[in-house]
Amino acid sequence: MAARIEFQDLTLGYDRHPAVHHLTGAIESGALIAVVGPNGAGKSTLLKGIVGMLQPLGGRMRLDGIAPHDIAYLPQLAEVDRSFPLCVYDFVSMGLWRKVGAFGRIGRGERGRIEDAIRAVGLEGFERRAIGTLSGGQMQRCLFARLLLQDSSLILLDEPFNAVDAKTAADLLDLIRRWHDEKRTVAAVLHDMETVRRSFPETVLIAREVVAWGPTAEVLTPTNLLAARRMIEAFDDAAHICARDAAA
Amino acid sequence: MLYDLLIEPFAEFEFMRRALVGSLALSLGAAPIGVFLMLRRMSLTGDAMAHAILPGAAIGYLLAGLSLPAMTIGGLVAGLAVALGAGAVARATVLKEDATLAAFYLISLALGVVIVSARGSNVDLLHVLFGSVLALDDQTLLLLAGVGTGTLITLAVILRPLVLECVDPAFLRSVSHAGARVHFTFMALVVMNLVGGFHALGTLLAVGIMMLPAAAARLWTNDLTGLIGISVIIAGLSSIGGLLLSYHLSLPSGPAIILVAGGAYALSLVFGRAGGAIRHFLPARHLEA
């Protein structure tokens, strides 16, 4: 169980415009790191780049100890079609995909693990409920149960506490701490600085480029946060080709 | 009396028995496909695909006359080309699948009409348009049975990734490369069923035995297994009912089958236990917890 990510001058973006610009650094194995920054800073883009949904525009990224398909990734707006007639139990069981695949049997051991995951997120009693009948917070718990089953050494969470009440957020945060204790690598995009200060030892503050990266207390200083806020959000359609690549 | 009404037509006439076997085989495969089309919000895709098949079948007819293999292959090629082309374009460009599919099937339809008129022959395409469920020969019955069997087996094999592709495609992409393969396999099943269906019901109505039972079933259950079961039952009963109706009232049989399915849909709209009108307008008293 060791998943490490290394970025070397990584640029990610859309249609040639950089959203994450010349990122260098590493997320060490077992890290619990918060990714913070203003809207449009490239936080979600960075996670998408790590799971391989975006190809780098420049630079390189290396995953050590894990394949892209083994990463447990919780997107910001999960594209779940909740009108599909599927119950919580079946939905959560998809977390076992890497183990059972398209044809593998879900035997007694797997059923036990599914029940454990549902219990761990506090959804016992909801097993047979259709996912369309869940509230926003319950659905988020459901998605966390699936993440639990994925049993991944690298977990990426994009704004996991969005539109979730305090109790649910606290419960889910406990799960994240548990993952950290189990030496899994966890990176989460967050907006609530209080949560970050309390629970995340390491933080990377980005505003398209890295503003600061290190122990949370050193990163979340007023100076750094102000610098991040000064980022210019809009893409410039008349922008020149990035000179730093040419210099390198 | 009941015997005269329900059994005699089939006992007496071989063509009725053939029609029964053919349409039941069709129901077995097409109805579950319709369920997934509906759940993926692709109900109209079936219709578009049916139009895409028409020119292929027409070309087959032009080249080889009323030959089952020629028309089947023509329809399959045209349908698969449109499905694959639309899917590939949707994945590689900014256009979404619905817009791409609309573009592709219209081009395919226009191309078919041009080819037909260029040959200048006065082709009778009534068979292709409205089918001939009362004139199913052994070959066609085998085709229909093969399509039904193939569909059920394939669905069983791809069920898990197919459900995942419907519910949470991004998650499937993040754990596996199966998404695109599953999608194309499913579209191939749609095409196969439409091509099988047009021999019995015609290209325009083949979609009916797919979508009407599925839509009706959705009003009775919230469970996927239930949906598939109920839609197959409705499709089968519509086939039997439609054939009997056409026999006793001398109606064209293909449309009669679809009309009975339409009747089942209308009844479900009113009485359906899972979202029908009665439940909507006369809600039951609420529970304690």
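Residues numbered from 1 in each chain as written. Chains lettered and ligands numbered in written order. Predicted model: local features only at pLDDT ≥ 70, side-chain atom pairs only at ≥ 80, totals over all residues. Heavy atoms only, no water.

Some thoughts on the pattern of salt bridges
All names here are of chain A.
Inference 1: For the coordinates displayed, the defined rule picks out 19 salt bridges over all chains.
Inference 2: Residue glutamate 28 is joined to arginine 4 by a salt bridge in which the shortest nitrogen-to-oxygen separation is 2.8 Å. Of this pair, glutamate 28 sits in the loop between β2 (17-27) and β3 (32-36) while arginine 4 sits in strand β1 (residues 4-14), and the two are 24 residues apart along the sequence.
Inference 3: For glutamate 28, a relative accessible area of 38% gives the class partly exposed.
Inference 4: For arginine 4, a relative accessible area of 23% translates into the label partly exposed.
Inference 5: Here arginine 178 ties to glutamate 182 by a salt bridge, and the two come within 3.7 Å at their closest N and O atoms.
Inference 6: Judged by relative accessible area, arginine 178 falls into the partly exposed class, the value being 39%. (Salt bridge = Lys/Arg side-chain N within 4 Å of Asp/Glu carboxyl O. Helix = DSSP H or I, 4+ residues; strand = E, 2+ residues; numbered from the N terminus. Buried < 20%, exposed > 50% of the residue type's maximum accessible area, 1.4 Å probe, protein only.)

A word on the packing of aromatic side chains
Each aromatic ring pair is specified by the distance between its two centres and by the angle formed by the two planes.
Inference 1: All chains considered together, the criterion is met by five aromatic pairs over all chains.
Inference 2: Taken together through their ring pairs, the aromatic side chains of Phe13(B), Phe15(B) and Tyr247(B) make up a single cluster.
Inference 3: Across the ring face of Tyr89(A), the terminal group of Arg128(A) is positioned such that the distance to the ring centre comes to 4.9 Å.
Inference 4: Here Arg146(A) stacks its cationic end above the ring of Phe171(B), 3.6 Å away from the centre of that ring. (Phe/Tyr/Trp six-rings, centres within 6.5 Å; stacked < 30°, edge-to-face > 60°. Lys NZ or Arg CZ within 6 Å of the ring centre and 35° of its normal.)

Quick notes on the sheet that holds β1(A)
Strand pairing in a sheet relies on backbone hydrogen bonds. The paired strands run either parallel or antiparallel.
Residues and elements named next belong to chain A.
Inference 1: Read from one edge to the other, the open sheet built from three strands follows the order β2-β1-β4, with strand pairing classed as antiparallel. At either margin of the open sheet sits one strand with a lone partner, and together these are β2 and β4 (58-64). When strand polarity is set aside, the average angle formed by the axes of neighbouring strands in this sheet is 20°.
Inference 2: In this structure, β1 lies alongside β2, joined through seven bridges in antiparallel fashion. Its bridge partner being in β2, tyrosine 14 is matched across the sheet by histidine 17.
Inference 3: Where helix α1 (residues 43-51) meets the sheet, it contacts β1, β2 and β4, and its direction lies at approximately 115° from that of β1. (Pairing = 2+ DSSP bridges. Axes fitted to C-alpha atoms, helices over the stretch in contact; angles between N-to-C directions. Contact = heavy atoms within 4.5 Å.)

Here's the deal with the domain arrangement of chain A
Residues and elements named next belong to chain A.
Inference 1: Once the domains are mapped, chain A shows domain 1 (1-71 + 154-164 + 188-248) and domain 2 (77-151).
Inference 2: Using only C-alpha atoms to locate each centre, domain 1 and domain 2 end up separated by 29 Å.
Inference 3: Summing the contributions of domain 1 and of domain 2, the shared interface buries around 600 Å²; its carbon and sulfur component is 55%.
Inference 4: The interface formed by domain 1 and domain 2 includes one salt bridge.
Inference 5: Here aspartate 70 and arginine 98 are joined by a salt bridge, their closest N and O atoms 2.8 Å apart. (Domains from an automatic or database assignment. Buried area = accessible area lost by both parts, 1.4 Å probe.)

Quick word on the nonpolar core
One broad trend across soluble globular proteins is that nonpolar side chains are buried collectively.
Inference 1: Counting 153 residues, the largest nonpolar core has Ile50(A), Phe91(A), Phe144(A), Leu157(A) and Ile176(A) as its most contacted members.
Inference 2: Of the residues forming this core, the biggest block, 13 residues, is contributed by helix α2 (residues 14-39) of chain B.
Inference 3: Built from parts of two domains, this core gets at least three residues from each of domain 1 (1-71 + 154-164 + 188-248) and domain 2 (77-151) of chain A. (Core = buried A, V, L, I, M, F, W, Y, C linked by side-chain atoms within 4.5 Å.)

Let's talk about the environment of Asp151(A)
Residue and element names in this part refer to chain A.
Inference 1: Within the secondary structure, aspartate 151 sits in the loop between α5 (136-150) and β6 (154-158).
Inference 2: Placed 84 residues apart in sequence, aspartate 151 and phenylalanine 235 show a C-alpha to C-alpha distance of 38 Å.
Inference 3: Beyond its immediate chain neighbours, meaning those up to four positions away, aspartate 151 contacts Arg113 and Arg184.
Inference 4: At 3.0 Å, the side chain of aspartate 151 forms a polar contact with the side chain of arginine 184. (Polar contact = N/O pair within 3.5 Å; in protein donor to acceptor, adjacent residues only side chain to side chain.)

A short note on the environment of Ala261(B)
Residue and element names in this part refer to chain B.
Inference 1: One can find alanine 261 in helix α12 (residues 253-271).
Inference 2: Assessed through its relative accessible area of 0%, alanine 261 is described here as buried.
Inference 3: Excluding residues that lie within four positions of it along the chain, alanine 261 makes contacts with Leu212 and Ser238.

Focus: a nonpolar patch on the surface
Residues and elements named next belong to chain B.
Inference 1: There is a patch of nonpolar side chains on the surface, built from Trp220, Leu267, Leu269, Val270, Phe271, Ile278, Phe281 and Leu282 and spanning about 790 Å² of accessible area.
Inference 2: Residue assignment for the nonpolar patch shows that the elements contributing at least two residues are α12 and α13 (277-281).
Inference 3: The element that contributes the greatest number of residues to the nonpolar patch is α12, accounting for four residues.
Inference 4: Turning to its location among the elements, leucine 269 is positioned in helix α12. (Patch = residues over 30% accessible without salt bridge, like charges linked within 9 Å, V, L, I, M, F, W, Y side chains within 5 Å. Areas by Shrake-Rupley, 256 points an atom, 1.4 Å probe, with all protein chains shown as cover.)

Focus: the sheet that holds strand β7 (residues 185-189) of chain A
All names here are of chain A.
Inference 1: Overall, mixed pairing links the six strands, which are arranged β5-β6-β7-β3-β8-β9 in an open sheet. Of all strands in the sheet, those bounded by a partner on one side alone are β5 (72-74) and β9 (209-215). Ignoring which end each strand starts from, the neighbouring axes of this sheet average 15° apart.
Inference 2: Where β6 lies against β7, five bridges are found, and the strand directions are parallel. The residue bridging leucine 156 from the neighbouring strand is alanine 187, located in β7.
Inference 3: Lying on the sheet, α1 is in contact with β3, β5, β6, β7 and β8 (202-207); it crosses β6 at an angle near 150°.
Inference 4: Its contacts with the sheet place α5 against β5 and β6, and it is angled at close to 165° to β5.

Section: the side chain of Glu110(A)
Residue and element names in this part refer to chain A.
Inference 1: With respect to the helices, strands and loops of the structure, glutamate 110 is situated in helix α4 (residues 108-120).
Inference 2: By relative accessible area, glutamate 110 is classed as buried at 14%.
Inference 3: Contact partners of glutamate 110, with chain neighbours within four places excluded, come to Leu96, Lys99, Val100 and Arg105.

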